[in-house]
Amino acid sequence: DAGVIQSPRHEVTEMGQEVTLRCKPISGHDYLFWYRQTMMRGLELLIYFNNNVPIDDSGMPEDRFSAKMPNASFSTLKIQPSEPRDSAVYFCASSFGEGTEAFFGQGTRLTVV
Amino acid sequence: AQTVTQSQPEMSVQEAETVTLSCTYDTSENNYYLFWYKQPPSRQMILVIRQEAYKQQNATENRFSVNFQKAAKSFSLKISDSQLGDTAMYFCASNRDDKIIFGKGTRLHILP
């Protein structure tokens, strides 16, 4: 398996633009997580899915953020409109659940100018 | 609420020394799981070690071991014979009800 695949690796966009981050989890994993990493706040859990259903989105910072998982092999995190304070590294991770570890993608470094 | 606290933002040790990274967590559950992840400059998140709360024996993986104190809700990571390649951010994490929460990390520098 190729592991968790995220795209793009880097994204630079202007304030106000829509940004879509993509993730392909490891095949067979039931859980998918979206995290945001910043110097100030560390790794924050934004939202996670179980069997394509959002379970907990309490970490999503604002209504500008939305996430979907239309099928077991694909998820998106969308920011609309983007703001400079959204600049961070966004990670997608997947797991089998039940105490197993999360496997992470390489992350997307987002810069909003 | 589930919280994980790492009280050491940054540490430096000489190569070959032993270093201990601290982590405390807060959960009201009896069954949960704890992890240490390493994030080198490449940004990749790598699992270092895993501990199941119902197991009293401390987990070990080669030069990495944990000191799990369940009553104190403490989960520290010990790195023996530290190597230059151990330079990285280290994150402590807990998994309860399949929700994985991370601490803010400790930046570890191994000095030659």
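As a reminder, the structure under discussion sits directly above these lines.
Residues numbered from 1 in each chain as written. Chains lettered and ligands numbered in written order. Predicted model: local features only at pLDDT ≥ 70, side-chain atom pairs only at ≥ 80, totals over all residues. Heavy atoms only, no water.

**A look at the overall build of chain A**
A count of helical and extended segments in chain A gives zero helices and eleven strands. From first element to last, N terminus to C terminus, chain A shows the α and β order β-β-β-β-β-β-β-β-β-β-β. For 113 residues, the compact-globule estimate of 2.2 N^0.38 gives 13 Å, and chain A sits close to it at 13 Å. For chain A, the residues scored as buried account for 50% of the 113 residues in total. At a minimum sequence separation of 6, the contacts of chain A that also span at least 24 residues come to 53%. (Helix = DSSP H or I, 4+ residues; strand = E, 2+ residues; numbered from the N terminus. Rg over C-alpha atoms; globule rule 2.2 N^0.38 Å. Buried < 20%, exposed > 50% of the residue type's maximum accessible area, 1.4 Å probe, protein only. Contact = heavy atoms within 4.5 Å.)

**Here we look at the overall build of chain B**
Each helix and strand counted, chain B has zero helices and twelve strands in total. Helices (α) and strands (β) of chain B occur, in sequence order from the N terminus, as β-β-β-β-β-β-β-β-β-β-β-β. Its C-alpha radius of gyration of 13 Å places chain B within 12% of the 13 Å reference for a compact globule of 112 residues. Taking the principal axes of its C-alpha atoms as reference, chain B extends roughly 40 × 25 × 20 Å. Among the 112 residues that make up chain B, the fraction classed as buried is 52%. A fraction of 52% describes how many contacts in chain B between residues 6 or more apart in sequence connect residues 24 or more apart. Carbon and sulfur atoms provide 45% of the accessible area of chain B, an area that totals close to 5,500 Å². (Areas by Shrake-Rupley, 256 points an atom, 1.4 Å probe, with all protein chains shown as cover.)

**Observations regarding the layout of surface pockets**
Within this model, the largest pocket holds a volume of roughly 560 Å³. Surrounding the largest pocket, 25 residues form its lining, Gln37(A), Met39(A), Gln39(B), Met89(B) and Arg107(B) being those nearest its centre. Counting only elements with at least two residues in the lining of the largest pocket, the list comes to strand S4 (31-38) and strand S9 (88-95) of chain A together with strand S10 (88-96) and strand S12 (106-111) of chain B. A breakdown of the residues in the lining of the largest pocket according to their chemical character gives eleven nonpolar, nine polar and five charged. By volume, the second largest pocket amounts to about 260 Å³. Arg41(A), Gly42(A), Leu43(A), Glu44(A), Leu45(A), Gly59(A), Val4(B), Ile101(B), Phe102(B), Gly103(B) and Lys104(B) are the residues that line the second largest pocket. Contributions of two or more residues to the lining of the second largest pocket are made by strand S5 (42-50) of chain A together with strand S11 (99-102) of chain B. A breakdown of the residues in the lining of the second largest pocket according to their chemical character gives five nonpolar, three polar and three charged. (1 Å grid on protein atoms, 1.4 Å probe; cavity = no way out; pocket = protein on both sides within 12 Å on 5 of 7 lines; lining within 4 Å. Points joined across faces, edges and corners; volume = space filled by probe spheres on them. Nonpolar A, V, L, I, M, F, W, Y, C, P; charged D, E, K, R; others polar.)

**Brief notes about the pairing of strand S6 (residues 46-52) of chain B**
All names here are of chain B. Two elements, strand S5 (residues 33-39) and S6, share six bridges in a ladder whose sense is antiparallel. The residue of S6 that forms the bridge with Lys38 is Ile46. A loop of six residues connects S5 with S6, the two strands running antiparallel in sequence, and Arg43 in this loop sits at a positive phi of about 85°. (Pairing = 2+ DSSP bridges.)

**Quick notes on the interface of chain A and chain B**
Of the residues lining the interface, 29 residues belong to chain A; the matching set on chain B comes to 20 residues. Buried area between chain A and chain B, summed over both chains or domains, comes out near 1,900 Å², and the portion from carbon and sulfur atoms is 48%. Between chain A and chain B we count one salt bridge in total. Of the charged contacts in the structure, one is a salt bridge between Lys99(B) and Asp56(A), with a shortest N-O distance of 2.6 Å. Taken together, chain A and chain B are joined by eleven residue pairs in polar contact (both at pLDDT 80 or more). Going through the elements one at a time, S4, S5, S9 and strand S11 (108-112) of chain A are the ones with two or more residues in the side of chain A that touches chain B. (Buried area = accessible area lost by both parts, 1.4 Å probe. Salt bridge = Lys/Arg side-chain N within 4 Å of Asp/Glu carboxyl O. Polar contact = N/O pair within 3.5 Å; in protein donor to acceptor, adjacent residues only side chain to side chain.)

**A few points about the sheet that holds strand S7 (residues 65-71) of chain A**
All names here are of chain A. Spatial ordering of the open sheet is given by S1-S3-S8-S7, a layout of four strands whose pairing is antiparallel. Two strands lie at the open edges of the sheet, namely strand S1 (5-7) and S7, each paired on one side alone. The mean inter-strand angle of the sheet, taken between neighbouring strand axes irrespective of direction, is 15°. In this sheet, strand S8 (residues 74-79) lies alongside S7 in antiparallel orientation, the contact comprising five bridges. Paired with Ala67 across the strands is Leu77, a residue of S8. (Axes fitted to C-alpha atoms, helices over the stretch in contact; angles between N-to-C directions.)

**Remarks on the state of the cysteines**
Residues and elements named next belong to chain A. Here the structure, examined in full by the defined rule, presents two disulfides over all chains. Between Cys23 and Cys92 runs a disulfide, and the two sulfur atoms are separated by 1.9 Å. For the disulfide bridge between Cys23 and Cys92, the dihedral angle about the S-S bond is near -65°, and by the sign convention the bridge is left-handed. On the criterion of sequence distance, the pair formed by Cys23 in strand S3 (residues 19-24) and Cys92 in strand S9 is long-range, its members being 69 residues apart. (Disulfide = S-S within 2.5 Å.)

Interpretation in functional terms is not warranted from these geometric data alone.
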